[in-house]
Amino acid sequence: MVRPHLLDLKPYSSARDDFQGQASVYLDANENPLGSVPTGNFNRYPDPHQVELKNALAKLKGVIQDQIFLGNGSDEPIDLLIRAFCEPGVDEVIILPPTYGMYKVSAAINNVEIREVPLNPSFQLDVPAILENIGDHTKLIFVCSPNNPSGNLMRVEDVLKIAQQFDGLVIIDEAYIDFAASESLINKMDQYPNLVILQTFSKAWGLAAIRLGVTYSNAEVISILNQIKPPYNIDYATQEAGLLALQSKTKKDEFVEDILSEKKRLLSELINFPQVVEILPSDANFLLVRFQDAQKINAYLRSQGIIVRDRSKELNCAECLRITVGTAIENNSLLESLRRYS
Ligand SMILES: *Cc1c(COP(=O)(O)O)cnc(C)c1O
């Protein structure tokens, strides 16, 4: 499946690759030995293989380090997967709208053709249509579960059926899995070697600013991503922050619990507004809400300093606004504003 020219690629070998282990004097990487401006210990290059962080993740997720790739957010593995497996102008990827926008943008940047197979009106996979659209040059299928913007999980049987029948990689974007009622598909990787699972520190872990995405797959796929990544793609501060986060997993669980209970409250209040037509079932930290007139509501909320995401141009999302669950105070402001609007 790999693009042929990559099979002979000799990856960049960093100073930290040429010498591993402990030494007392490091004069091999042209670093500044005196320290960092203005302060801090940032003068040495970070571990290009992020061993400590991967080790902690491997323990938490029950996988081995060779099944983990760390990226600069999820955007980096999305791009690297396309670059590793799709020949520009020849190969293609399947995406399932309405879905996360980055798959399409990344494919377009790489001059890789996109086939769009819409989710059905309940935002579930249209399995027969997906299988029909797989061609000789289809390399990747991007499945977002829970899906952004609709919020629902895809049925596991459907995802696995596609994985079974497709002779390419099925990429499951699980950015919101911490909020979901069902488990990650990481535990299906051994049975389905063509699964690639994307997770991120940006949502439940509250670390969007550090840009840390995690990819889980079989060791061969991970090894290809490692060969083509920029050598120091995860900086030192990010590796440290990720490690600290993993040591405080209960805090993440508490955040998730609080957000889910606010989501439930928000849902129960929103449904009473006459302007709300429906609220889509959500396994994420946001609600997709269909209004009678989304533009007007959106404009009014903005005038009140409340920003939500207009998704009404997305397939089957007419009149829909995507509302992230905020703090109790933020959610109350939203509800107040909607009451005033009413
Ligand atoms: C927010 C989000 C991500 C996270 O992207 P990062 O680059 O890791 O911040 C990934 N996929 C989906 C579907 C998202 O909504």
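In this report, the structure presented in the accompanying data block is examined. (Residues numbered from 1 in each chain as written. Predicted model: local features only at pLDDT ≥ 70, side-chain atom pairs only at ≥ 80, totals over all residues. Heavy atoms only, no water.)

### Topic: the overall build of the protein chain
Thought 1: Along the backbone of the protein chain there are 11 helices and 11 strands.
Thought 2: Radius of gyration (C-alpha) of the protein chain: 22 Å, near the 20 Å computed for a compact globule of 342 residues.
Thought 3: If you line up the protein chain on its principal axes, its C-alpha atoms span 70 × 55 × 35 Å.
Thought 4: Counting across all 342 residues of the protein chain, residues that qualify as buried make up 50%.
Thought 5: Taking as baseline every contact in the protein chain between residues at least 6 positions apart, the subset at least 24 positions apart corresponds to 69%.
Thought 6: When the accessible surface of the protein chain is totalled, it reaches about 16800 Å², and 51% of it is carbon and sulfur.
Thought 7: Charged side chains in the protein chain number 32 positive and 44 negative. The centres of these two groups are separated by 5 Å. (Helix = DSSP H or I, 4+ residues; strand = E, 2+ residues; numbered from the N terminus. Rg over C-alpha atoms; globule rule 2.2 N^0.38 Å. Buried < 20%, exposed > 50% of the residue type's maximum accessible area, 1.4 Å probe, protein only. Contact = heavy atoms within 4.5 Å. Areas by Shrake-Rupley, 256 points an atom, 1.4 Å probe, with all protein chains shown as cover. Lys, Arg positive; Asp, Glu negative; His and termini not counted. Charge placed at Lys NZ, Arg CZ, Asp CG, Glu CD.)

### Observations regarding the pattern of salt bridges
Thought 1: Summed over all chains, the structure comprises 19 salt bridges.
Thought 2: For Arg-211, the salt bridge identified is with Asp-75, shortest N-O distance 3.6 Å. Remark: Asp-75 occurs in helix H3 (residues 75–85) and Arg-211 occurs in the loop between strand E6 (195–200) and strand E7 (213–216); sequence separation between them is 136 residues.
Thought 3: A salt bridge links Arg-115 to Glu-92, with the nearest nitrogen and oxygen atoms 2.9 Å apart. (Salt bridge = Lys/Arg side-chain N within 4 Å of Asp/Glu carboxyl O.)

### Section: the environment of His-5
Thought 1: By the element assignment, His-5 lies in the segment before helix H1 (15–18).
Thought 2: Residue His-5 is classed as partly exposed on the basis of its relative accessible area, which comes to 44%.
Thought 3: Linking His-5 and Glu-87, residues 82 residues apart in sequence, is a C-alpha distance of 9.8 Å.

### So, H3
Thought 1: In terms of burial, H3 is largely enclosed, as nine of its 11 residues are buried.
Thought 2: For H3, the complete set of buried residues consists of Glu-76, Pro-77, Ile-78, Asp-79, Leu-80, Leu-81, Ile-82, Ala-84 and Phe-85.

### Quick word on the packing of aromatic side chains
Thought 1: One pass over the structure, following the stated rule, counts eight aromatic pairs.
Thought 2: Ring centres of Phe-42 and Tyr-236 lie 6.0 Å apart, and the angle between their planes is 75°; this geometry places the pair in the edge-to-face category. One end of the pair, Phe-42, is in the loop between H1 and helix H2 (51–61); the other, Tyr-236, is in helix H8 (residues 236–247), and 194 residues separate them in sequence.
Thought 3: Judged by its relative accessible area of 37%, Tyr-236 falls in the partly exposed class.
Thought 4: Judged by centre distance (5.3 Å) and plane angle (35°), the ring pair of Phe-201 and Trp-205 falls under tilted. Taken individually, Phe-201 and Trp-205 each receive the classification buried, so the pair is uniform in this respect.
Thought 5: Three or more aromatic residues link up through ring pairs in this structure, and these residues are Tyr-100, Tyr-103 and Phe-142.
Thought 6: Note that Arg-322 overlies the ring of Phe-286, its terminal NZ or CZ placed 5.6 Å from the centroid. (Phe/Tyr/Trp six-rings, centres within 6.5 Å; stacked < 30°, edge-to-face > 60°. Lys NZ or Arg CZ within 6 Å of the ring centre and 35° of its normal.)

### Some points on the site of the ligand
Thought 1: Near the ligand you find 13 residues, and of these Asp-173, Tyr-176, Ser-202, Lys-203 and Arg-211 are the closest.
Thought 2: In this structure, an oxygen atom belonging to the ligand sits 2.8 Å away from a side-chain N or O atom of Asn-148.
Thought 3: Lys-203 places a polar side-chain atom, nitrogen or oxygen, 3.3 Å from an oxygen atom of the ligand.
Thought 4: For the ligand, the protein covers 93% of the area, taking 390 Å² as the surface of the free molecule.
Thought 5: For the shell around the ligand, the residue count by class is four nonpolar, five polar and four charged. (Near = heavy atom within 4 Å. Polar contact = N/O pair within 3.5 Å; in protein donor to acceptor, adjacent residues only side chain to side chain. Nonpolar A, V, L, I, M, F, W, Y, C, P; charged D, E, K, R; others polar.)

### Considerations on the sheet that holds strand E5 (residues 169–173)
Thought 1: With respect to topology, seven strands assemble into an open sheet ordered E1-E7-E6-E5-E4-E2-E3, the strand pairing being mixed. The open sheet has two free edges, formed respectively by strand E1 (68–71) and strand E3 (113–116), since each of these has just one partner strand. Taking each pair of neighbouring strands and ignoring which way they run, the sheet shows an average axis angle of 25°.
Thought 2: Note that E1 and E7 share four bridges and pair antiparallel. Along E7, the bridge assignment pairs Gly-71 with Gly-213.
Thought 3: Each of strand E2 (92–95), E3, strand E4 (138–144) and E5 is contacted by helix H4 (residues 102–109), which is oriented at about 150° to E3, the strand it contacts most. (Pairing = 2+ DSSP bridges. Axes fitted to C-alpha atoms, helices over the stretch in contact; angles between N-to-C directions.)

### Overview of unusual backbone geometry
Thought 1: Of the consecutive residues Val-37 and Pro-38, the connecting peptide bond is found in the cis state with omega at 0°.
Thought 2: In this chain, Asn-148 is followed by Pro-149 through a cis amide linkage whose omega measures 20°.
Thought 3: In this structure, Pro-149 sits in the loop between E4 and helix H6 (156–165).
Thought 4: Here Asn-111, not a glycine, exhibits a phi torsion of approximately 55°, which is positive.
Thought 5: Relative to the assigned elements, Asn-111 resides in the loop between H4 and E3.
Thought 6: Residue class for Asn-111 comes out exposed when judged on its relative accessible area of 51%.

### Details of the sheet that holds strand E11 (residues 320–324)
Two pairing modes exist for strands in a sheet, parallel and antiparallel, and in both the strands are linked by backbone hydrogen bonds.
Thought 1: Within the open sheet, the four strands sit side by side as E8-E9-E11-E10. Their pairing is antiparallel. Here the strands that pair on one side only, and so sit at the sheet edges, are strand E8 (276–279) and strand E10 (309–310).

### Structural notes on the environment of Phe-19
Thought 1: Looking at the secondary structure, you find Phe-19 in the loop between H1 and H2.
Thought 2: Non-local contacts of Phe-19, meaning those with residues more than four positions away in its chain, are made with Tyr-26 and Asp-28.

Shape is all these values report; function is a separate question.
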